[in-house]
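Topology and contacts: notes
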Amino acid sequence: MTNSTKPFPPLKHDLILRAARGEKTERAPVWVMRQAGRYLPEFRAERVENDFFKICRTPELATKVTLQPIDRYDGLLDAAIIFSDILVIPQALGMTVEMVPGKGPHFPNPLVVPADIAVQLKEKVDVYQELPYVFDAITMTRHALEGRVPLLGFVGAPWTLMAYMIEGGGSKTLSKAKEWIFKYPKESHELLTRITDVCVDFAVGQVRAGAQMLQVFESWGGELGPHDFELFSLPYLAQIAKRVKAELGSEAVPMTVFAKGSWYALEQLSTLEYDTVSVDWTHSPESAKAATKGRVTLQGNMDPNVLYGGDEAIVAAATRMVRGFGSTGRYIANLGHGILPTVPVEAMHLFLSTVHRVGLEVAAEEQARESA
Ligand SMILES: Cc1c2[nH]c(c1CCC(=O)O)Cc1[nH]c(c(CCC(=O)O)c1C)Cc1[nH]c(c(CCC(=O)O)c1C)Cc1[nH]c(c(C)c1CCC(=O)O)C2
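Residues numbered from 1 in each chain as written. Predicted model: local features only at pLDDT ≥ 70, side-chain atom pairs only at ≥ 80, totals over all residues. Heavy atoms only, no water.

Put simply, the rule is: UniProt positions are given in the numbering used here, feature names are shortened, and annotations may be inferred rather than shown by experiment.
As annotated in an unreviewed UniProt entry, the protein is Uroporphyrinogen decarboxylase from Dissophora globulifera. In UniProt, the protein has this text filed under Catalytic activity (unreviewed entry): "uroporphyrinogen III + 4 H(+) = coproporphyrinogen III + 4 CO2". UniProt annotates the protein under Subunit (unreviewed entry) with the comment "Homodimer."

Shown next, in the form of structure tokens:
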């Protein structure tokens, strides 16, 4: 039997899936955005040998790197996230993206004017043709995990991907991408629609390949003010959850949306078809809970920079976070954004073990209160 037809090993640990579905849990599950990668010495060793996108495109290597944090922090992570990148969608659309060590993503030919869309982007994208390696990596990783934890898939959100495709890489101001939405709103919507179609197919394909939960990364959401977010981000985020769930029907998995910086949109985000909304550190647990009124599971949100603050700061902030969000219902512990490349591996360990310890303490207190 090939990997794609062999049944997956039974899942032995579904804590994060139960939390995402809104069930009561025995403690808050935890994982960390960007947990597989750059801060891990074993990943850096792999990168000396192999280019970033080569790792993404080689299922054996992507599987190996996805499992690195699961093995290193044995028993402390409640989910694995497939090793890949949000920028495989621009690649599938026909663009060249390179990963420059120490600098980040680089598009040699970014979109400059709307006429470039027709020249540079494929009219129709078959994700099974363009991105089979992601699906293969997911299937292979699901087997290699042996049911230890669920496997998360992910996609970049349309506005964030559009911004990368126009900026050509990272940017402090996003002034080129913003010029598009203000000068060419109609063409911007056309581009966002094209990207959304690929996001939907790609997310559906990941679930069919074995992903057990999905996260949509709107990393540049907060660069838009409330008005423009409502026009250029929110409708596409809404469509992705709606269409992915409709296409998958009974096979649908929990979905998370993370719109970094879009604090003003939290209430709106909690009314879409996402099960979980991931929040950054600009929310207090109290304000996030008040805005979402128990409609969704919240995920987050410690400032990743606390991991540089020393043991005392890490324990204090992680404790405050778990106590603030509560550990037995509608909460998944995480950082408020990706773990940074120079964080010591011990700091991550302390964060995870503190979340576990405090989560269990809070659960015991809650139970004592209930039975009193
Ligand atoms: C914006 C974004 C990107 N990629 C991603 C986002 C959304 C999350 C966020 O907001 O941080 C998402 C992503 N990128 C990567 C993953 C893999 C799984 C995981 O989360 O552990 C995930 C989920 C690997 C990666 N993606 C990248 C690396 C490092 C590349 C290297 O080894 O040279 C890794 C491990 C490169 C990347 N990829 C991207 C940037 C800006 C960079 C350069 C800076 C950096 O190092 O993060 C685009």
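A look at the UniProt feature "domain: Uroporphyrinogen decarboxylase (URO-D)" (unreviewed entry) in the protein
The cut-off we apply is this: Helix and strand labels come from DSSP, where a helix needs a run of H or I of at least four residues and a strand needs a run of E of at least two; each type is numbered from the N terminus.
UniProt records the feature "domain: Uroporphyrinogen decarboxylase (URO-D)" (unreviewed entry) at residues 29-38 and 152-168, using the numbering of this structure. Along residues 29-38 one finds 0% helix and 0% strand; the C-alpha atoms at either end are 23 Å apart.

Quick look at empty space enclosed by the protein
Cut-off, in case you're wondering: Buriedness for pockets is judged along seven lines, at least five of which must meet protein on both sides within 12 Å for an open set on the 1 Å grid over protein atoms alone, while cavities are sets there where a 1.4 Å probe fits but cannot get out, and lining residues have an atom within 4 Å of a point. Grid points are joined across faces, edges and corners, and a volume is the space filled by probe spheres set on the points. Nonpolar residues are Ala, Val, Leu, Ile, Met, Phe, Trp, Tyr, Cys and Pro. Charged residues are Asp, Glu, Lys and Arg, and all others, Gly as well, are polar.
With the rule as written, the count across this model stands at 2 cavities of 30 Å³ or more. Space inside the largest cavity adds up to approximately 60 Å³. Taken together, Ala259, Gly261, Ser262, Trp263, Leu266, Leu269, Val277, Ser278, Val279, Asp280 and His283 make up the lining of the largest cavity. Mapped by element, the contributors of at least two residues to the lining of the largest cavity are α14 (266-269) and β7 (276-278). Tallied by class, residues from the lining of the largest cavity come to 6 nonpolar, 4 polar and 1 charged. Approximately 30 Å³ is the volume attributed to the second largest cavity. Around the second largest cavity, the lining residues are Pro9, Leu11, Arg142, Leu145, Gly147, Val149 and Gln212.

Re the sheet that holds strand β8 (residues 297-302)
Inclusion rule: What makes two strands pair is DSSP finding at least two bridges between them. Any two residues whose heavy atoms approach within 4.5 Å are treated as being in contact. In this description, a line fitted to the C-alpha atoms serves as the axis of each element, helices being fitted only across the stretch in contact, and the angle between N-to-C directions of two axes falls anywhere from 0 to 180 degrees.
An order of β1-β4-β5-β6-β7-β8-β9 is seen for the 7 strands of this open sheet, with the pairing classed as parallel. The two strands at the open ends of the sheet, each matched to only one other strand, are β1 (80-81) and β9 (331-335). Direction of pairing for strand β4 (residues 151-156) relative to strand β5 (residues 213-218): parallel, over a ladder of 5 bridges. Of the residues in β5, the one forming a bridge with leucine 152 is methionine 213. Sheet strands touched by helix α11 (residues 185-209): β4 and β5. Its angle to β4, the strand with the most contacts, is close to 170°.

A short note on the packing of aromatic side chains
Where we set the bar: Pairing of aromatic rings covers Phe, Tyr and the six-membered ring of Trp, with a centre-to-centre limit of 6.5 Å; geometry is then stacked below 30 degrees between planes, edge-to-face above 60, and tilted otherwise. Buried means the residue's accessible area, taken with a 1.4 Å probe over protein chains only, is under 20% of the maximum for its type, while exposed means over 50%, and partly exposed covers the values in between. In this scheme, the term charge over a ring applies when either NZ of a lysine or CZ of an arginine sits within 6 Å of the ring centre and within 35 degrees of the ring normal.
Following the criterion strictly, the structure yields 12 aromatic pairs and no others. Relative to phenylalanine 83, the ring of phenylalanine 52 has its centre 5.5 Å away and its plane inclined at 65°; by these criteria the two rings are edge-to-face. One end of the pair, phenylalanine 52, is in helix α3 (residues 52-57); the other, phenylalanine 83, is in the loop between β1 and α5 (88-92), with 31 residues separating them in the sequence. Just as phenylalanine 52 is buried, phenylalanine 83 falls in that class too. Joined through ring pairs, the aromatic side chains of Phe43, Phe52, Phe53 and Phe83 make up one cluster. Its guanidinium or amino end placed over the ring of phenylalanine 8, arginine 142 lies 4.0 Å from that ring's centre, counting from NZ or CZ.

Comments concerning the nonpolar core
We apply this condition: Each nonpolar core is a collection of buried residues, namely Ala, Val, Leu, Ile, Met, Phe, Trp, Tyr and Cys, held together in the definition by side-chain atoms within 4.5 Å.
Trp159, Leu191, Leu269 and Phe351 are the most contacted members of the largest nonpolar core, which has 136 residues in total. If you tally residues by element for this core, the top one is α11, at 11 residues. Ignoring sequence-local partners within four residues, the contact set of leucine 269 consists of Phe229, Leu234, Leu237, Val257, Ala259 and Val277.

Observations concerning the pairing of β9
What counts, and what does not: Seen with its strands pointing away from the viewer, a crossover is right-handed when the path leading from the first strand over the helix to the second is clockwise.
β9 sits mainly inside the fold: 5 of its 5 residues count as buried. Of the pairings in the sheet, the one linking β8 to β9 comprises 5 bridges and is parallel in character. Within β9, the residue paired with leucine 298 across the bridge is tyrosine 331. Handedness of the crossover joining β8 and β9 through helix α16 (residues 311-325): right-handed.

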